[in-house]
Amino acid sequence: MSHASRRSDAALFAAVDAWARLRHRRALHWTARQEPGIARRFHVALPRGMNDKWLWRKVFDHDPRFVTLCDKLATKPWVARFGVPVPRTLWAGTDARDIPPELLKGDVVVKANHASGRNILITGGQPGREEVVERANRFLRHGFGREAGEWAYAAVPRRLFVEEHLGGGTLLRDLKIYTFGRHVERVFHVVDRFGDMRADMWEDRGAGLAPYEGTIHDFEARYTGPMPATLPQALDLAARIGAEFDALRVDFLTDGQNLWLGELTVYDQGGFREYDGHLPGTYPACLWDLRRSWFMQTPQRGWREAYRRALGRQLNDADGELMHVQA
C-alpha cells in the first residue's frame, strides 16, 4: 500500500470512528461500563481487540442471518440442515393465556424467543399457571439488547413458546463452544445449572484445546470430572455451523448420552469479553478475521463502501497493525 493510500485510509478511519462515537454512543458507553478502571479509547473503525470487534459487529456487520440466530424459534429450522437435534416445541404463540392447560401440569420450559434469560422452568406443574401466564406475558412487553446495541434482537418478532424439559431427570450440562470460522477457541462447560452448579473451561492458545488453569469467576465450585462423551459430536457440529461466520458461540445441552442445540449466540455476553477483551493482539482477537464477515463480503452503499474497501486493504496488508491467523 502506498504512503498516500495509507494517509487517505487513516483519515477515513478517523472520520468513521468519530461518526461511530456520535451515532452509537449507547453501545460504546455500555462497553465502557463493563470495563471499570480501564481508561482507553475504543477503536471501532479499525478494531484491534475482542471488545472493539464486538462493537464493530454491532455498528457495521448487520448480517440478515443474525436476526434468525437471535430468534430462538427461527434458529431451530435454520440448524436442521446440519443435523443438529433440537428440543421439541410443544406450543408457540403471542399470549401465554393460550397455552393449553395440560402442558403446564408436567415438566416443561416456557421461553421468550426474542431475548436471553427469559425462561420459566416448570417442574411437576410448579410454578402454577397464573404465575406462569403473568411472568411470560411480561417477557413480551420488554425488548432486549437495546442498551448494549445488539440491533438484531429488535428485529425478532416477539413470541412465547413451550419446550420439552430435557434429560428426563438426569443431570444436564451446558457446552458453550466459541468458534471463529471452523476453529474452536474455547469450550465452557457448566454442570447442573439448576442445582449444584459447577464449571470448567478448555481453551486453545495455539496448540489445541487444553484445560484452563485460571480462576473461573462467578462460579464458586470448579468441576474436575471428565468432559461428556458427547463432546466430540458437539465440537464437530459447532465447527460446521461456525464455518459460515467469522465468530459465533454455539451452545448445546447434553445429558452425557444425548445432545441438543441450546442456542446460537451472535453477541457473546452482550458483546463483551472479560479480562483480556480490551487488549489488542490476543490469540482470540487474531482468530477473529473480519474479512469473513457479511459486511466485508457484501458491497455497501455510499461512504460505507469506501470504508469497507479501506478496511479490506488494511486487513490484507502484511505490514498492517492487525494480525490474523487462518480460521
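Coordinates for the structure precede this section.
Since we're looking at a predicted model, the values are computed, not measured. (Residues numbered from 1 in each chain as written. Predicted model: local features only at pLDDT ≥ 70, side-chain atom pairs only at ≥ 80, totals over all residues. Heavy atoms only, no water.)

Caption draft 1: Representation of the nonpolar core in the model. If you look at the biggest cluster of nonpolar residues, it comprises 30 residues, and the most contacted ones within it are W78, V84, L175, I241, V250, F252 and L264. At the level of secondary structure, the elements contributing two or more residues to this core comprise helix 4 (65–69), helix 7 (151–154), strand 5 (173–180), strand 6 (183–191), helix 8 (231–242), strand 9 (248–254) and strand 10 (259–265). The biggest single contributor to this core is helix 8, with five residues. Ignoring sequence-local partners within four residues, the contact set of V250 consists of L175, K176, I177, T179, A238, I241, L261, E263 and L264. (Core = buried A, V, L, I, M, F, W, Y, C linked by side-chain atoms within 4.5 Å. Buried < 20%, exposed > 50% of the residue type's maximum accessible area, 1.4 Å probe, protein only. Helix = DSSP H or I, 4+ residues; strand = E, 2+ residues; numbered from the N terminus. Contact = heavy atoms within 4.5 Å.)

Caption draft 2: Region of interest: the environment of W91. Mapped onto the secondary structure, W91 falls in strand 1 (residues 89–93). Sequence separation of W91 and G242 is 151 residues, and the distance between their C-alpha atoms is 29 Å. Apart from residues lying up to four places away in sequence, W91 is in contact with A96, D98, I99, P100, L103, L160, F161 and V162.

Caption draft 3: Region of interest: the sheet that holds strand 6. Here six strands make up an open sheet; going across it, the order is 8-7-6-5-9-10 and the pairing antiparallel. Looking along the sheet, the strands with just one partner apiece sit at the ends: strand 8 (209–211) and strand 10. Going from strand to strand, the sheet's axes swing by 25° on average, the running direction of each strand aside. The strands that helix 8 touches are strand 5, strand 6, strand 8, strand 9 and strand 10; relative to strand 5, the one it contacts most, it runs at about 35°. (Pairing = 2+ DSSP bridges. Axes fitted to C-alpha atoms, helices over the stretch in contact; angles between N-to-C directions.)

Caption draft 4: Region of interest: helix 8. Across its twelve residues, helix 8 extends 16 Å between first and last C-alpha, which sits within 8% of the 16 Å expected from 1.5 Å per residue. Tucked into the core, helix 8 has its buried residues touching helix 5 (75–78), strand 5, strand 6, strand 9 and strand 10. (Expected span 1.5 Å × (residues − 1).)

Caption draft 5: Main features of the pattern of salt bridges. Here the structure, examined in full by the defined rule, presents 30 salt bridges. Residue D63 pairs with R65 through a salt bridge whose shortest N-O separation is 2.7 Å. Residue D63 is classed as buried on the basis of its relative accessible area, which comes to 2%. Note on R65: relative accessible area 28%, which makes it partly exposed. For R186, the salt bridge is made with E203, and the minimal N-O distance between the two is 2.6 Å. Of the two residues, R186 is situated in strand 6 and E203 in strand 7 (residues 198–204); the sequence distance between them amounts to 17 residues. Where salt bridges share partners, they join K72, K176, R249, D251, E263 and D268 into one cluster. (Salt bridge = Lys/Arg side-chain N within 4 Å of Asp/Glu carboxyl O.)

Caption draft 6: Expanded view of the pairing of strand 6. With respect to burial, strand 6 is a largely interior element, eight of its nine residues being buried. Pairing of strand 5 with strand 6 involves eight bridges; the strand directions are antiparallel. Opposite L175, over in strand 6, you have H189 as the bridge partner. The hairpin turn running from strand 5 into strand 6, its antiparallel successor, is two residues long, and G181 in that turn takes a positive phi close to 65°. Direction of pairing for strand 6 relative to strand 7: antiparallel, over a ladder of six bridges.

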